[in-house]
Amino acid sequence: MASPPPLQGIKVLEFAGLAPGPFAGMLLADAGASVLRVDRASASPTEDMLARHKASIAVDLKDARATALLRRLVRHVDVLIDPFRPGVLEKLGLGPDALRPLNRRLVYARMTGFRRDGRYARMAGHDINYLAVSGVLGLLGSEGEPPRPPWNILADFAGGGAVLFQGVLLALLARRRSGEGQVVEANMVDGSAYLASFPRMALKTPLGDGPRGHNLLDGGAPFYDTYTTRDGGHMAVGALEPHFFAQLLAGLGLAGQGWERRRLDRAEWPALRRALADKFAQRTRSEWEGVFDGTDACCTPVLSYAELETDPGREGDQRPVVTLRDTPCLAVAAAAAAAAPGEGGGEAARGQGEGVPGAGYAARRLRPGEGGEEVLREWAGWQRGREFDVEGGVLVGREEAKL
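Residues numbered from 1 in each chain as written. Predicted model: local features only at pLDDT ≥ 70, side-chain atom pairs only at ≥ 80, totals over all residues. Heavy atoms only, no water.

Focus: helix 14 (residues 372-380)
Of the positions making up helix 14, those classed as buried are Gly 372, Val 375, Leu 376 and Trp 379. Seen from one end, helix 14 has its buried residues packed into an arc of 100°, which puts them on one side. Where helix 14 is buried, its residues meet strand 1 (11-15), strand 2 (34-39), strand 3 (54-58), helix 2 (64-73), strand 10 (388-391) and strand 11 (394-397). Looking one or two residues past helix 14, Gly 381 carries a phi angle of roughly 75°, positive in sign. (Buried < 20%, exposed > 50% of the residue type's maximum accessible area, 1.4 Å probe, protein only. Helix = DSSP H or I, 4+ residues; strand = E, 2+ residues; numbered from the N terminus. Arc of directions from axis to C-beta. Contact = heavy atoms within 4.5 Å.)

See the structure below:
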């Protein structure tokens, strides 16, 4: 029998934003925290798609009664997520200097794109801009083409929301020792740069000292690249080590032609790439899967999310970000097949609970105000008409309430 998820009992107040802030909130919610999003009033769900396991309250941050309500609510909160540009919440009297004296255990987590103390601090930006000034974007893309960003995965989510989540966990751990919270500051420039620690260091070694697209791990090596199959599919090849490369050649029917000893001769790479491309083009992706499945050739199909969502034979069931065997996070996909006991965490690998509609492939659209009153009752025992009122769809504090 699984124990409650690891962050059960942690209360998170997330100011509404897009991408990195909501992603950090979703990671906390998936781990069992109670996450309450602070929205503007609207009759329609917001654009935020990362709202599973969350609730919402709607407030008008320009109304002094609303900000007073939030200041009182902070006394019951463990974590606050600030996704805004520097100074926004401070101007509303909701910055860390104003709120932490009200709750010394508060972990005030704030996310920016650029560094708060850098040359771009007051500028607007998006994932591509943060990658650009961090140096990471210059590593990405094919030879002879401009750098190309991989969706908004690296800065917004990996270097942003996931790093903020990590910072919150570190602050909660530190709070157990000190009894006090602290300000956690993350930015997507530093987060992205940290993720690129290995390739940045490799630039000064033979592993990565060539131009973009000419190195071992950036598409330069023919045995670390993708190839088109006869039916227009693709296979991914990552046969870096000699024994894996030998199995790749055997599966392709290229063994014994001298490629084994010429594998690292860069002058031979164009010819080797042509040989691999010609072979892969002779069969369908499914046929190549039949050749390489179960081998150590490091050769796998390039799958689409449409396949993963609809083909039960694939590993497409969305699972928690990590398996905790005794205190699993909350499930995403309800019908995920359990792993074999002792391998991958067994039932814990799919998480606990019934999952969410869409099983991780569809957005969870949260309407402002949805579920918020129930959370206020759970967190602080508040009730409408006593501690707060609802006017025009937004919450306002009652001046006479003693909270």
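What about the sheet that holds strand 7 (residues 224-228)?
By definition, the strands of a sheet pair up through backbone hydrogen bonds, in either a parallel or an antiparallel sense. If you walk across this open sheet you meet the three strands as 7-8-9, and the pairing is antiparallel. The open sheet terminates on both sides in strands that have one partner only, identified here as strand 7 and strand 9 (299-301). In this sheet, neighbouring strand axes are inclined to one another by 25° on average, regardless of whether the strands run parallel or antiparallel. One ladder, built from three bridges, connects strand 8 (residues 234-238) with strand 9; its direction is antiparallel. Along strand 9, the bridge assignment pairs Ala 236 with Thr 300. (Pairing = 2+ DSSP bridges. Axes fitted to C-alpha atoms, helices over the stretch in contact; angles between N-to-C directions.)

Section: the nonpolar core
Among the nonpolar cores identified, the biggest contains 35 residues, and Ile 10, Val 12, Leu 28, Ala 33, Val 79, Ile 81 and Leu 164 are the most heavily contacted of them. The next biggest cluster of nonpolar side chains, apart from the first, holds 25 residues, and it includes Phe 15, Val 38, Val 74 and Phe 388. (Core = buried A, V, L, I, M, F, W, Y, C linked by side-chain atoms within 4.5 Å.)

Considering the sheet that holds strand 6 (residues 183-187)
An order of 3-2-1-4-5-6 is seen for the six strands of this open sheet, with the pairing classed as parallel. Of all the strands in the sheet, the pair left with one neighbour each is strand 3 and strand 6. Across the sheet, the axes of successive neighbouring strands diverge by a mean angle of 20°, strand direction being ignored. With three bridges connecting them, strand 1 and strand 4 (residues 79-82) associate as parallel partners.

Remarks on the layout of surface pockets
Estimated volume of the largest pocket: approximately 1,200 Å³. Every residue lining the largest pocket is counted, 29 residues in all, and those nearest its centre are Phe 23, Met 26, Leu 50, Phe 157 and Gly 360. Elements represented by at least two residues in the lining of the largest pocket include exactly helix 1 (20-30) and helix 6 (153-178). Among the elements that line the lining of the largest pocket, the one with the most residues is helix 1, at four residues. Counted by class, the lining of the largest pocket contains 20 nonpolar, three polar and six charged residues. Surrounding the second largest pocket, 39 residues form its lining, Ala 16, Gly 17, Leu 18, Pro 83 and Phe 84 being those nearest its centre. (1 Å grid on protein atoms, 1.4 Å probe; cavity = no way out; pocket = protein on both sides within 12 Å on 5 of 7 lines; lining within 4 Å. Points joined across faces, edges and corners; volume = space filled by probe spheres on them. Nonpolar A, V, L, I, M, F, W, Y, C, P; charged D, E, K, R; others polar.)

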